[in-house]
Amino acid sequence: MTNFDITSSKIDGMGPHGTNVGLLRVLGPAHVWALGVGIVLVGEYMGWNFAVGKGGAYAALIACWFAGILYTCVAMIDSEVTSTVAAAGGQYTQAKHIVGPLMAFNVGLYLVFAYTMLEAANAITAGYLFSVVATMNGFQGALDQRPFIIMCIMFLAWLNYRGVLATLTFNLVITAIAFIAIIVLFLGTSGVFGGGIMQHASLMEGAASLPYGWIGVLAAMHFGLWYYLGIEGTTQAAEEVRSPARALPFGTLAGIMTLLIAATLTWYVSTGVLPWEFLGDGVNGSVAPLFDTARLSGSNALIWLLGFGTLFATLASANGCINDASRAWFAMGRDKYLPGWFGAVHPKYRTPYRAIVFLVPIALIFALGAPLDQVITFSILSGLLEYTFMPLNIIMFRKKWPLDSIKRGYEHPFHPLPAYTLLALCAITFFAVFLGYGTQLVAMIGFYIVVSLWFHFWRYRFVNRGAQFTMPWPKPKGY
Amino acid sequence: MTHYTPPKQSLLSQLFDVLVLVALTVGALFVPLWMGMAGSSKSVPAPVANPTWEKLGQNSTEAKQYEALGYTPATAHDLILARFDYSFTTISLLVMIAVIIVYYVLMLRFSEAEYRDVIAEKFSKK
């Protein structure tokens, strides 16, 4: 073992060039949990149900659990790498130190687009929710959702601009409420305490069980990712947590456990009440399935609770997405992968304020101009490309810096089994995306190829070569 | 290894770079939409005239839930009968696989070349 110990509280290798100047270190493990779960929990409140539409209710359950395995691998791999590469930018910074600049540029863009699209999807859902509440309260006609979408994004961007501690403390509170709402809905409708309304047998009989056969199960994997997409965003807080080596693995792994419970409960209550065709159509049918389940429960208390739960989940997710996308954009600006102007920290609030402000209109373009399923698909595709990078990343990391060369805050078990499992599940999901969104998949990869050529042949000239390697690590093996 | 000193980039050039990225991003999402090539659209393969819950293949529980949600057989017709078409050609599948593999190979090869420069410059100083 060398003297390079990134987990030491005395050595600071997180900031640029090993300095401590930059973002404010104020967060603890609970904030990391709130960031990860806060981004993702909205996936239980909306979006996952497209998986029901792709293959039926059973297919969505199988997708839920296989996607759960995929994300458990992601969380384990991410926890190990990020406990040693604890800097803003998360997987972007990991790729920069382990794979190389071009891969890092691509990973940075995956992060920004996955989170910005997710933010747009959240704002669309919040707008929808306001329109439903207006209708339930007697509003006649169609409510214009656009002002709510704009206000939602602008308010959260302002919160992010003002400081990370308030932002993620806000997330912690509203995420906890949204999670508790799911538990209460389960307890109130499942019959655990009597008076259950679940009707799985009659809603899933005959042709409703697997309406597309086994190919529908494969197709459902596409939106199965939505149950958990964004948990890897915990790493973006790396430069702002007080103890990255402890808080990041703890927050991330606690987060994935929370989500596995929430996803399964969500599937159970929704499929036990809503017919699969309605549940599976997230545009014309059930935009917010947990809220719709509460509506059919006959309990006003549950309707209000799940209404607030849905709103809080969308706000928490959009809030976390603004946080994460701006950190990734900021980190790339700081390294000159993007114009250096974006690499500025606010002198008073210590936040990446230019990156936060710049991404607001981008999110608005997508929230106001594209349908929900397309926005979700764009987000999922960026996430999927990122998850495919992760096994390559961990295999190279262990090869270049074996366990005895750098001390890790967390070592994930059974290597390389999680890496190969993750790679296999990504391949299945690529096929699932191909079954309906093949054009978007090719368009997206075409986009990444074009921007990669732009980066390699133009943008990279502005990047300092050696200075971008900021970790206090020994020379990698084989170089 | 010789230390590489990057050129200074003017503010105008930085702005131009951002505009290029934004244009490419918006194009990647909206061009398939504008050209009507975005997938996922469902169609109703076998419409039913004068629909009833029975004709739509709904049992009593499903019919009751639809009514509680505010639907009638006529308004639920398209929602219930619309289906995805998962047919595909082998060629299109092979093209997708090739595109993904070419993309990652390209990434790893270019990255490796750049990475060697980074490591050489970073550790040659020590």
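This one's a predicted model, so the numbers in the text were calculated from it and none came from an experiment. (Residues numbered from 1 in each chain as written. Chains lettered and ligands numbered in written order. Predicted model: local features only at pLDDT ≥ 70, side-chain atom pairs only at ≥ 80, totals over all residues. Heavy atoms only, no water.)

(A) Quick look at the overall build of chain A. Of regular secondary structure, chain A possesses 17 helices and 0 strands. Relative to the 2.2 N^0.38 estimate, which gives 23 Å for 479 residues, the radius of gyration of chain A is 22 Å and therefore close to what a compact globule would have. In terms of its C-alpha atoms, chain A occupies a principal-axis envelope of roughly 65 × 45 × 45 Å. Across the 479 residues in chain A, those meeting the buried criterion constitute 68%. Carbon and sulfur atoms make up 69% of the accessible area of chain A, which amounts to about 14,300 Å² in all. For chain A, the distance from the average site of its 25 positive side-chain charges to the average site of its 20 negative ones is 14 Å. (Helix = DSSP H or I, 4+ residues; strand = E, 2+ residues; numbered from the N terminus. Rg over C-alpha atoms; globule rule 2.2 N^0.38 Å. Buried < 20%, exposed > 50% of the residue type's maximum accessible area, 1.4 Å probe, protein only. Areas by Shrake-Rupley, 256 points an atom, 1.4 Å probe, with all protein chains shown as cover. Lys, Arg positive; Asp, Glu negative; His and termini not counted. Charge placed at Lys NZ, Arg CZ, Asp CG, Glu CD.)

(B) Seen up close, helix α3 (residues 73-81) of chain B. Restricting attention to buried positions, one finds in α3 of chain B the residues Pro 73, Ala 76, His 77, Leu 79, Ile 80 and Leu 81 of chain B. Buried residues in α3 of chain B make contact with α12 (276-280) of chain A together with α2 (60-68) of chain B. (Contact = heavy atoms within 4.5 Å.)

(C) Structural context of the packing of helix α1 (residues 29-40) of chain A against helix α11 (residues 244-271) of chain A. All names here are of chain A. It is the contact of α1 with α11, at a shortest axis distance of 8 Å, that shows an interaxial angle of 40 degrees. Taken together, the axes of α1 and α11 are oblique relative to one another. Pair α1 / α11 crosses with right-handed handedness. Along the contact surface, α1 presents Pro 29, Val 32, Trp 33, Val 37 and Val 40, while α11 presents Arg 246, Ala 247, Leu 248, Phe 250, Gly 251, Thr 252, Ala 254, Gly 255, Thr 258 and Leu 259. (Axes fitted to C-alpha atoms, helices over the stretch in contact; angles between N-to-C directions. Parallel < 35°, antiparallel > 145°, perpendicular 65-115°, else oblique. Left-handed = near helix turned anticlockwise from the far one by under 90°.)

(D) Just helix α10 (residues 214-224) of chain A, in detail. Residue and element names in this part refer to chain A. The element α10 is largely enclosed, with a buried count of 8 among its 11 residues. Within α10, burial applies to Gly 216, Val 217, Ala 219, Ala 220, Met 221, His 222, Phe 223 and Gly 224. For α10, the elements touching its buried residues are α3 (50-55), α4 (57-82), α16 (372-400) and α17 (417-457).

(E) Layout of the interface of chain A and chain B. Taken together, the 94 residues of chain A in the interface contact 63 residues of chain B. When chain A packs against chain B, close to 7,100 Å² is buried across both sides, 72% of that on carbon and sulfur atoms. Seen at the junction of chain A and chain B, the total is 1 salt bridge. Measuring nitrogen to oxygen at the nearest pair gives 2.6 Å for the salt bridge that ties Arg 459 of chain A to Asp 17 of chain B. (Buried area = accessible area lost by both parts, 1.4 Å probe. Salt bridge = Lys/Arg side-chain N within 4 Å of Asp/Glu carboxyl O.)

(F) Representation of the packing of α11 of chain A against helix α13 (residues 289-297) of chain A. Residues and elements named next belong to chain A. The N-to-C vectors of α11 and α13 enclose an angle of 45 degrees; their axes lie 9 Å apart at closest approach. On the basis of the axis angle, α11 is oblique to α13. Considering the relative orientation of α11 and α13, their crossing is left-handed. The residues of α13 that touch α11, namely those facing Thr 266, Val 269 and Ser 270, are Pro 289, Leu 290 and Thr 293. A class-by-class count of the residues in the contact of α11 with α13 yields 3 nonpolar, 3 polar and no charged. (Nonpolar A, V, L, I, M, F, W, Y, C, P; charged D, E, K, R; others polar.)

(G) A look at the domain arrangement of chain B. For chain B, the domain assignment lists domain 1 (9-39), domain 2 (41-86) and domain 3 (88-126). Centre-to-centre separation of domain 2 of chain B and domain 3 of chain B, based on C-alpha positions: 48 Å. (Domains from an automatic or database assignment.)

(H) Focus on the confidence of the model for chain A. Across chain A, the average pLDDT comes to 89, with 95% of residues at 70 or higher. Under a pLDDT of 50 for its full length, residues 1-21 of chain A has, in the predicted model, 53 contacts with residues more than four places off or in other chains. (pLDDT = per-residue confidence, 0-100.)

(I) Fine view of the nonpolar core. Within the largest apolar cluster, 213 residues are counted, with the highest numbers of intra-cluster contacts made by Tyr 228, Trp 329, Tyr 387 and Tyr 448 of chain A. No other element matches the 21 residues that helix α6 (residues 101-136) of chain A contributes to this core. In contact with Trp 329 of chain A, not counting residues within four places along its chain, are Leu 109, Val 112, Leu 338, Phe 342, Ala 355, Phe 358 and Leu 359 of chain A together with Leu 21 of chain B. (Core = buried A, V, L, I, M, F, W, Y, C linked by side-chain atoms within 4.5 Å.)

(J) Highlighting a nonpolar patch on the surface. Residue and element names in this part refer to chain B. A cluster of nonpolar residues, Leu 94, Ile 97, Ile 101 and Val 105, forms a patch on the protein surface that exposes about 350 Å² of accessible area. Tracing the backbone through its elements, the reader meets Leu 94 in helix α4 (residues 90-124). Judged by relative accessible area, Leu 94 falls into the exposed class, the value being 51%. (Patch = residues over 30% accessible without salt bridge, like charges linked within 9 Å, V, L, I, M, F, W, Y side chains within 5 Å.)

(K) Local environment of the packing of aromatic side chains. In the structure shown here, the tally under the stated rule is 47 aromatic pairs over all chains. For the ring pair Phe 50 of chain A and Phe 223 of chain A, a centre distance of 5.0 Å and an interplane angle of 35 degrees mean the geometry is tilted. Separated by 173 residues along the polypeptide, Phe 50 of chain A in helix α3 and Phe 223 of chain A in helix α10 bring together distant segments of the chain. Within the aromatic cluster, the residues linked to one another by ring pairs are Tyr 92, Phe 105, Tyr 337, Trp 454, Phe 455 and Tyr 460 of chain A. Sitting over the face of the ring of Phe 84 of chain B, Lys 54 of chain A holds its NZ or CZ atom 4.4 Å from the ring centroid. Over the ring of Tyr 4 of chain B we find Arg 465 of chain A, and its NZ or CZ is 4.0 Å from the ring centre. (Phe/Tyr/Trp six-rings, centres within 6.5 Å; stacked < 30°, edge-to-face > 60°. Lys NZ or Arg CZ within 6 Å of the ring centre and 35° of its normal.)

(L) Here's a closer look at the environment of Ile 62 of chain A. Residues and elements named next belong to chain A. Relative to the helices and strands, Ile 62 resides in helix α4. Considering only alpha carbons, one finds Ile 62 and Met 221, 159 residues apart in sequence, at a separation of 8.3 Å. Every residue in contact with Ile 62, bar those within four places of it in the chain, is listed here: Trp 214 and Val 217.

(M) A look at the pattern of salt bridges. One pass over the full model with this rule turns up 9 salt bridges over all chains. When the shortest N-O distance is used, the salt bridge between Arg 295 of chain A and Asp 292 of chain A registers 2.7 Å. Within this pair, Arg 295 of chain A and its partner Asp 292 of chain A are both found in helix α13, separated by 3 residues, close to a single helical turn. Exposure remark for Arg 295 of chain A: the relative accessible area of 31% places this residue in the partly exposed category. Judged by relative accessible area, which is 1%, Asp 292 of chain A ranks as buried. A salt bridge links Arg 116 of chain B to Glu 112 of chain B, with the shortest nitrogen-to-oxygen separation between them at 3.1 Å. Here the residue Arg 116 of chain B and the residue Glu 112 of chain B both occupy positions in helix α4, the gap between them amounting to 4 residues, near one helical turn.

(N) Here's a closer look at unusual backbone geometry. A cis amide bond links His 415 of chain A with the next residue in sequence, Pro 416 of chain A, at an omega value of 10 degrees. Mapping Pro 416 of chain A onto the fold places it in the loop between α16 and α17. Here the phi dihedral of Lys 336 of chain A falls at roughly 70 degrees; this positive angle occurs in a residue that is not glycine. Summarising the element assignment, Lys 336 of chain A is placed in the loop between α14 (300-334) and α15 (353-369). Of note in this structure, Asn 50 of chain B is not a glycine but carries a positive phi near 45 degrees. Relative to the elements of secondary structure, Asn 50 of chain B occurs in the loop between α1 (11-34) and α2. The exposure class assigned to Asn 50 of chain B is exposed, which follows from its relative accessible area of 64%.

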